[in-house]
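Remarks on the overall topology
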Amino acid sequence: MSRRVRRKVARKSKGNDVVASSCPEIRDEVLDLELPGTVDWRSLPDDTVIQLLSCLSYRDRASLSSTCRTWRTLGSSQCLWNTLDLRSHRFDANMASSLAPRCVHLQKLRFRGAESADAIIHLRARNLCELSGDYCRKITDATLSVIAARHELLESLQLGPDFCERISSDAIKAIAHCCPRLSKLRLSGIRDVNADAINALAKHCPKLTDIGFIDCLNVDELALGNVMSVHFLSVAGTSSMKWGVVSHLWHKLPNLIGLDVSRTDISPSAVARLLSLSQSLRVLCALNCPILEEDTSFSASKYKNKLLISLFTNIFEGLASLFFDSTKKGKNVFLDWRSSKNNDKDLNEIIPWLEWMLSHTLLRSAESPQQGLDNFWVEQGGALLLSLMQSSQEDVQERAATGLATFVVIDDENASIDCGRAEAVMRDGGIRLLLGLAKSWREGLQSEAAKAIANLSVNANVAKAVAEEGGIEILAGLARSMNKLVAEEAAGGLWNLSVGEEHKGAIAEAGGIKALVDLIFKWSSSGDGVLERAAGALANLAADDKCSTEVALAGGVHALVMLARNCKFEGVQEQAARALANLAAHGDSNSNNAAVGQEAGALEALVQLTRSPHEGVRQEAAGALWNLSFDDRNREAIAAAGGVQALVALAQSCSNASPGLQERAAGALWGLSVSEANSIAIGREGGVAPLIALARSEAEDVHETAAGALWNLAFNPGNALRIVEEGGVSALVDLCSSSVSKMARFMAALALAYMFDGRMDEFALVGTGSEGISKSVSLDGARRMALKNIETFVLMFSDPQAFTAAAASSAPAALSQVTEGARIQEAGHLRCSGAEIGRFVTMLRNPSSILKTCAAFALLQFTIPGGRHAVHHASLMQNAGAARVLRGAAAAATAPLEAKIFARIVLRNLEYHQIEHTA
Amino acid sequence: MELLCIRQWISGLLPTVKKWLSAWCIKPVGGALVRQEPEYILLALMGSPLKKIMLCSSEKEIFSVEEQVMVQHSVIINNMIEDGSYNHEESKIPLDCVDSKTLKKVIDYCTHHTHHHNDNQEDLEAWDAQFLNVDSNGLYDLLMAANYLEIRNLLDLIYGTIKNMIKGKKIDEIRRIFNIKDHGFTPEEEEQNRKEYPHFY
C-alpha cells in the first residue's frame with residue numbers, strides 16, 4: 001500500500017489581526033484551574049482588570065466583561081477602546097452599531113475590505129485620527145468621501161497595499177475639503193491623481209507633511225510641486241512620471257526631507273539634479289530603478305549629507321554613516337537608532353518613514369520576482385527585512401515578515417524556495433527573530449511570522465533550525481489560536497515541517513496533532529485556507545505509523561471524513577482525502593483502516609470525490625479508496641457504494657491525466673479486484689480496456705499498478721478472455737519482457753500464467769458459438785507468445801551455475817544461493833488469497849513445463865521467510881495440502897530443473913514456517 | 001491608619017503611586033517588631049557583603065533580600081531607595097497585604113530573574129512556567145503582590161497566563177475560573193447578554 005507525502009508552501013496573503021495589549025504569550029498552559037479557588041477575583045483592583053482586559057482579544061474581552069456587572073463597566077472603559085483592529089473580524093453595520101457606544105474616543109482604526117469600509121461610519125467615532133485599511137480594491141469614491149466627511153479630525157489615512165482602483169481624484173478632493181488636520185495621506189494604486197485634487201490638498205491641508213501616491217498610474221507631478229508643506233513624499237511604483245519636470249520642480253519644495261522614487265524609471269540625471277539642488281533633501285530612496293542601475297558610473301558619494309538608497313549602494317553603511325557616529329556599523333541601524341537617545345528631530349521623522357517605505361518596496365519587489373536581484377537579496381535584502389522586523393511600527397514589522405515569507409519563494413505552484421536566500425535568513429539569526437515574533441502577543445505579527453517560518457521550513461536545514469529553536473511548540477501553540485489567520489499560518493507551518501520523517505514525532509509531542517484536529521472542528525464551516533492546511537499537515541503526519549494512531553485518537557478520522565463529506569472547497573477535499581489515504585496506509589499495524597471505513601458516509605463521500613472536476617481531488621480520493629480496500633469489509637462496502645462504476649469511469653477518463661492519478665485509479669481497481677465478485681463487476685463495467693491502456697504507460701508506477709490490477713482480473717476466466725480480446729496480451733508481454741520494474745514484470749507474468757493455464761479455454765469454448773474456431777486460432781498464437789515470455793522472464797532470475805550446484809548437492813547453502821538470485825524484494829508485500837495459492841499449486845501439475853516452473857517460482861516468492869505475508873501464505877498452502885504436490889513436482893523426472901529446484905526451496909520454506917509456527 | 005490606606009489602594013481606585021508611597025514609607029515601621037524577630041537582628045549583626053533590605057509580610061515575618069534584586073524589579077522599591085526614604089539601618093518595608101508564602105515566591109522570582117537573566121530564553125520560560133504552576137488562589141495573591149510592588153515583568157507573565165486560561169472559554173467557564181458566584185446582573189440583563197453574544201455562552 002502506498003503513502004504519499006507532499007509539501008506545499010503557504011499561499012501569499014496579506015496582513016492580519018492585532019490586539020492592543022501588553023503581555024507576552026505564554027507557551028505552556030500550566031494552570032489547571034478547573035478546580036476553582038476560594039478567592040473572589042472581583043476584588044481585583046480596577047486598574048489590574050483593565051490591564052488584563054487590554055491583553056485580550058475582542059472576543060475574550062467581551063466574554064470577560066459579561067461575567068459580572070463590575071467588570072462589565074470596566075470593559076467599556078475608554079482606554080480599552082483607543083484603537084481597534086478589525087482586520088480578522090467580520091465587520092458590518094450591525095457590529096459597528098453595537099461597538100458604537102464604546103468608540104466615542106476611538107483614535108486609531110485598522111480595517112480590511114470594502115464591506116468593512118462601508119460600516120465604519122456606523123461606529124460614529126468622530127474623534128478618529130488614524131485610519132488604515134487593506135484589501136481595498138472595491139472601496140468607492142462615495143464610501144471614502146462619506147468617511148472623510150464624518151471624521152473631520154482625521155490626521156492619517158492609509159489605504160493599500162492593494163490597488164484602490166475605484167478611487168478617483170474626486171474622493172481625494174473630498175478628503176482635502178473635509179479633513180483640515182490631515183498630515184499623512186498614503187494611497188496605493190489610484191488611476192489618476194489630477195492637479196485639482198493635489199491643489200485642493202495643498203490649499204486645505206496645511207499640515208500635510210507625508211504624502212504617498214504609491215503604484216498609481218498617473219500623478220500630476222506639476223501640482224505636487226505646489227504642496228509646500230510636504231516633508232516626505234513617495235511615488236514608488238508610480239509609472240509615467242515626467243522626471244524632467246520633477247527634477248526641475250521638486251527640489252524647490254522647501255521642506256522636502258525624504259523622497260521615495262523606488263520601482264520607477266527615474267534617470268541618473270534626474271537623481272543627480274534632485275540631490276544637488278534640493279536644500280532640504282536628506283534621503284532619496286531609489287530601490288529597484290532599472291535605468292538608474294544600468295548607469296554603473298553613477299555615484300552619489302559627492303552629495304554631502306544626502307543619502308541615496310539604491311540596489312548598488314551599501315544600504316546599512318549608508319544609513320549608519322549619515323545618521324550615527326560611525327562607530328556603530330552593523331546590520332542593526334534601525335535598532336541602534338531606537339535605543340539611542342537621539343535628539344535629531346528630523347531623524348525621528350525620517351527613520352519611521354524610511355522603515356515604512358523600505359518595507360513596502362521590499363515586499364513589492366519580493367512579490368514580483370525579477371532577474372538580477374539574487375545578489376541583492378542574499379547580501380542586503382534579507383538582512384534588511386530582518387532588521388525591519390524589529391521596527392517599532394507594527395505594520396512595518398508585519399510587512400517585513402510577509403516579505404521574508406515571500407522573497408524566499410521561487411515558484412509558488414511547486415513550492416520551491418531559494419536555498420541561498422533561506423540560508424541567508426538563517427545565518428543572520430532570522431529564525432530566532434521570527435520565532436520571537438511568533439511568540440509575541442500581537443496576532444498580526446504572529447500570523448506573518450508563522451507564514452515566514454512555514455515558507456522557510458520548506459528548506460530542510462531551516463526546518464531543522466526551527467525545530468531546534470523550539471519552533472514546533474510555538475507553532476502548535478499558535479494553531480490553537482482563536483484567530484483564524486494565525487491558526488491558518490501555524491497549520492501551514494506544521495504542514496511544511498511535517499514533510500519527511502524528522503519532525504513528525506516532535507509535532508505529536510508538542511500536541512500539534514490534537515491542535516490540528518481541533519482546528520478542523522473549530523472552523524469546519526468557514527475556513528477554506530485553515531482547513532486545507534490542517535488537513536494537509538494531518539495527511540503528512542498520518543504517513544507515520546505512530547502519529548497516525550494519534551490522529552485517530554484525537555478524533556481525526558471523524559474530522560477528516562466530515563471534511564470529505566461536507567466541504568465544498570477543492571483544496572480541502574484533496575487534503576482530506578490524502579489524509580484519509582495515509583491514515584489507512586497502516587493496514588497491519590493499527591485499526592485506522594477499518595475505523596475510516598466504519599465512519600458513517602466516509603466511503604460514499606470518497607467515491608463521490610472520484611468524480612470531482614478537480615484532478616487532485618480525484619487522485620487523492622482514488623488513493624484513499626486504494627488503501628482502504630486493504631480491509632475486507634471496506635472493500636465490499638466501497639463496491640456497495642458504487643465504487644466499481646466510479647473507479648472504472650475514472651480509469652476510462654484518465655488517459656491524459658497525471659501519472660499520479662493514473663496510478664491511483666489503477667491501484668484502486670487493483671484493491672477492489674482482490675475479491676472475485678468485484679473483479680467480475682469491473683470486467684462487466686468495462687474496466688479491462690482502460691487498465692490495458694494504463695499498462696502501456698511509460699511511467700513505472702502506473703504500469704506496475706495496472707499490471708497488478710490485470711493480474712487480479714485475469715484470475716477470472718471471463719476477464720481473461722476480455723484481456724485477450726482487448727489486445728492485453730501484447731501489453732502484458734511487453735511489460736513482462738521490458739519493464740524497469742521487477743514487480744511489474746513479475747505480475748505481468750503471473751497474469752499471463754492465469755490467462756493461459758487452461759481455465760480460459762474452457763470458458764471461451766463454452767461461452768462462444770460460431771466464432772469459436774477463429775478465436776481458438778488467435779488464442780493459440782497469443783498463448784505461444786505468452787509462454788515464451790514467461791519462460792524468458794523466469795530464466796532471468798535463474799543463474800545456471802547456482803542450479804547445477806543445487807542439483808548436485810542438497811546442502812542448504814546451494815538452495816539459499818538460488819533463492820537469493822530469484823528473490824524479488826517487493827514481492828514480499830503481495831498478499832494472496834487461498835484461491836490464488838490453490839491455483840498456483842494446481843498449476844504445478846500443468847502439462848506446460850513453463851507454467852510449472854512459473855508456479856513454483858511464484859510460490860517461492862510468496863513463502864520466502866521474512867516476507868510480510870509469508871506465514872499467511874504458508875498456512876494457506878498447508879491447508880491446501882500443497883506439500884504433496886510440491887514433493888511430486890520436485891521429484892518429477894519430466895519437469896525442468898528450475899521447477900524442481902524451486903519446488904524444493906518452497907518445501908524448505910514451508911518446513912521453516914511450520915517449525916516457526918509450532919515453536 | 002497607614003494600613004488602611006494601603007488596603008484601600010489595593011482594592012480600589014487609582015491614586016498615583018508615588019503619592020501613596022511617600023505617605024507611608026518615610027516613617028520606618030516601629031522598632032518593637034524588630035526586636036521580636038531574632039532573624040533580623042542576627043542578619044544585622046553579621047552584616048552582609050551585599051546591601052540588603054528588609055521586607056515584612058502580613059504575618060510580620062521579615063525577609064532579607066539583596067537590595068539590587070528588588071530595585072531591579074520593583075518600581076516601588078526602586079523609588080523608595082532612590083528618594084532616600086528607606087533607611088538601611090532602621091527601615092523595613094511593610095507589605096501588609098502580601099502574605100509570607102506569596103512574598104517568598106515574589107522574592108524567588110526577582111532573585112532568579114536577576115541572577116539568570118543571561119540564561120537562554122527557553123530555560124527562563126520553563127522556569128517561569130514552573131514558577132506559575134500554582135492554584136487559582138495562589139495566582140490571585142501573586143497578581144496582587146506584583147501589582148502592589150509594581151513588578152512589571154511578573155505582571156506581564158501573570159496576565160499572559162490568565163489570558164491563556166480564558167482564551168476561547170465560555171462565560172460560565174470563566175466565572176468558574178474566577179470564582180464569580182454573584183455576577184450582579186438582573187435576569188433580564190443576563191438574558192440580554194446571552195442574546196448579544198450567544199456563542200460565548
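As the structure is a computational prediction, the values presented were derived from the model and not from experiment. The residue count restarts for each chain, going from 1 along the sequence in the order it is written. Key to labels: chains lettered from A, ligands numbered from 1, both in the order written. Whole-chain, interface and lining totals are the exception, using all residues; otherwise, since this is a predicted model, local features are given only for residues with pLDDT of at least 70 and side-chain atom pairs are given and counted only at 80 or more. Excluded from the side-chain calculations are hydrogens and water; all other atoms, namely the structure's heavy atoms, are used.

**Details of the overall build of chain A**
What counts is decided by this rule: Helical segments are the DSSP runs of H or I of at least four residues, strand segments are the runs of E of at least two, and each set is numbered from the N terminus. Accessibility here uses a 1.4 Å probe with only protein chains present; expressed as a share of the type maximum, an area under 20% marks a residue as buried, one over 50% as exposed, and anything in between as partly exposed. We call two residues in contact when some of their heavy atoms are within 4.5 Å. The method behind every accessible area is Shrake-Rupley, applied with a 1.4 Å probe, and residues are considered shielded solely by the protein chains displayed. Residues scored as positive are Lys and Arg, those scored as negative are Asp and Glu, and His as well as the terminal groups of each chain are ignored. Lysine's charge is taken at NZ, arginine's at CZ, aspartate's at CG and glutamate's at CD.
When helices and strands are tallied, chain A shows 50 helices and 14 strands. For the C-alpha atoms alone, the extent of chain A along its principal axes is close to 110 × 75 × 60 Å. Counting over 919 residues, chain A shows a buried share of 59%. For chain A, restricting intrachain contacts to residue pairs at least 6 apart in sequence, the fraction spanning at least 24 positions comes to 72%. With an accessible surface of roughly 34,800 Å², chain A has 51% of that area assigned to carbon and sulfur atoms. Of note, chain A has its 92 positive side-chain charges centred 1 Å away from the centre of its 101 negative side-chain charges.

**Regarding the pattern of salt bridges**
Opposite charge on two side chains makes pairing possible when the charged atoms of those side chains draw close. All names here are of chain A. To keep it simple, the criterion reads: Salt-bridge detection follows one rule: a side-chain nitrogen of Lys or Arg within 4 Å of a carboxyl oxygen of Asp or Glu.
Enumeration over the complete set of coordinates arrives at 34 salt bridges over all chains. Between D210 and R186 there is a salt bridge, with its nearest N and O atoms 2.6 Å apart. A residue pair is termed long-range when its members are at least 10 positions apart, and D210 in strand β7 (residues 210-214) and R186 in strand β5 (residues 184-188) qualify at 24 residues. When sorted by exposure, D210 lands in the same class as R186, which is buried. A salt bridge links R533 to E489; the shortest N-O distance between them is 3.4 Å. Of the two residues, R533 is situated in helix α26 (residues 528-542) and E489 in helix α23 (residues 484-497); the sequence distance between them amounts to 44 residues. Assigned by exposure class, R533 and E489 land together as buried. Among the ionic contacts, a cluster of salt bridges with common partners joins D85, R87, R110, E394 and E398.

**Considerations on the UniProt feature "repeat: ARM" (unreviewed entry) in chain A**
Stated precisely, the cut-off is as follows: UniProt positions are given in the numbering used here, feature names are shortened, and annotations may be inferred rather than shown by experiment.
Per the UniProt record, "repeat: ARM" (unreviewed entry) is found at residues 429-471, 470-512, 511-556, 555-586, 601-643, 642-687 and 686-728 of chain A. For residues 470-512 of chain A, helix accounts for 67% and strand for 0%, while the C-alpha atoms at its two ends are 13 Å apart.

**As for the sheet that holds strand β1 (residues 52-56) of chain B**
Residues and elements named next belong to chain B. Note the cut-off: Here a strand pair is declared whenever DSSP counts at least two bridges between the two strands.
Strand order across the open sheet formed by three strands is β2-β1-β3, with mixed pairing between neighbours. Each having just a single partner strand, β2 (62-66) and β3 (93-94) make up the two edges of the open sheet. Bridging between β1 and β3 involves two bridges; their strand directions are parallel. By the bridge assignment for β3, L55 is matched with I93.

**Things to note about the confidence of the model for chain A**
Residue and element names in this part refer to chain A. This is how the line gets drawn: Confidence per residue, as judged by the predictor, is encoded in pLDDT with a range of 0 to 100.
Here chain A averages 86 in pLDDT, and 92% of its residues register 70 or above. A low-confidence stretch, residues 1-35 (pLDDT under 50), is modelled with 158 contacts involving residues beyond four sequence positions or located in other chains. Under a pLDDT of 50 for its full length, residues 769-773 has, in the predicted model, zero contacts with residues more than four places off or in other chains.

**Digging into the pairing of β1 of chain B**
Residues and elements named next belong to chain B. Counted residue by residue, β1 has four buried out of five residues, so it is predominantly covered. Inspection of the sheet shows β1 paired to β2 by five bridges, in the antiparallel sense. Of the residues in β2, the one forming a bridge with C56 is I62. Once β1 ends, the chain turns through five residues before running back antiparallel as β2, passing K60 with a positive phi of about 65°.

**Here we look at the packing of aromatic side chains**
All names here are of chain A. This is how it is decided: Pairing of aromatic side chains requires ring centres within 6.5 Å, counting the rings of Phe and Tyr and the six-membered ring of Trp. Pairs whose planes differ by under 30 degrees are stacked, by over 60 edge-to-face, and all others tilted.
Per the counting criterion, the structure on display carries 23 aromatic pairs over all chains. With a centroid separation of 5.3 Å and 80° between ring planes, the pair formed by F715 and Y754 is classed as edge-to-face. Here Y754 lies in helix α41 (residues 742-755) and F715 lies in the loop between α38 (700-714) and α39 (717-725), a separation of 39 residues in the sequence. F715 gets classed as buried once you look at its relative accessible area, which sits at 12%. Given a relative accessible area of 1%, Y754 falls into the buried group. Their ring planes at 75° and their centres at 5.9 Å tell us that F746 and F857 sit as a pair that is edge-to-face. Of this pair, F746 sits in helix α41 while F857 is found in helix α47 (residues 849-863), placing the two residues 111 residues apart along the sequence. The class for F746 is buried, based on a relative accessible area of 0%. Look at F857 and you get buried, because its relative accessible area is 0%. Cluster of aromatic residues (ring-pair linked, three or more members): W711, F715, F746, Y754, F793, F797, F803, F840, F857, F862 and F902.

**Things to note about the environment of A465 of chain A**
Residues and elements named next belong to chain A. Mapping A465 onto the fold places it in helix α21 (residues 460-468). Distance in space between the C-alpha atoms of A465 and R432 is 8.9 Å, their sequence separation being 33 residues. Beyond its immediate chain neighbours, meaning those up to four positions away, A465 contacts M426 and I431.

**Focus on the pairing of strand β3 (residues 130-134) of chain A**
Residue and element names in this part refer to chain A. In plain terms, the rule: The definition of a right-handed crossover adopted here requires that, viewed with the strands pointing away, the path from the first strand over the helix to the second runs clockwise.
Here β3 lies mainly inside the structure; four of its five residues are buried. The pairing of strand β2 (residues 108-112) with β3 spans five bridges and is classified as parallel. Its bridge partner being in β3, L109 is matched across the sheet by L131. Once you follow β2 into helix α5 (residues 114-119) and on to β3, the crossover reads as right-handed. With four bridges connecting them, β3 and strand β4 (residues 156-159) associate as parallel partners. Looking at the pairing, G133 lines up with L159 of β4. Read from β3 through helix α6 (residues 141-150) to β4, the crossover connection turns out right-handed.

**Describing the sheet that holds β3 of chain A**
Residue and element names in this part refer to chain A. Short version of the rule: Axis definition: a line fit to C-alpha positions, over the contact stretch in the case of helices; interaxial angles, taken between N-to-C directions, run 0 to 180 degrees.
Taking strand neighbours across the sheet as the criterion, the ten strands line up as β1-β2-β3-β4-β5-β7-β9-β10-β11-β12 in an open arrangement whose pairing is parallel. Among the strands making up the open sheet, the edge pair consists of β1 (83-85) and β12 (307-309). Each neighbouring strand pair of the sheet contributes to a mean axis angle of 5°, computed without reference to strand direction.

**Details of the UniProt feature "domain: SKP1 component POZ" (unreviewed entry) in chain B**
In the numbering used here, UniProt assigns the "domain: SKP1 component POZ" (unreviewed entry) feature to residues 51-114 of chain B. Helix makes up 47% of residues 51-114 of chain B and strand 19%, with an end-to-end C-alpha separation of 15 Å.

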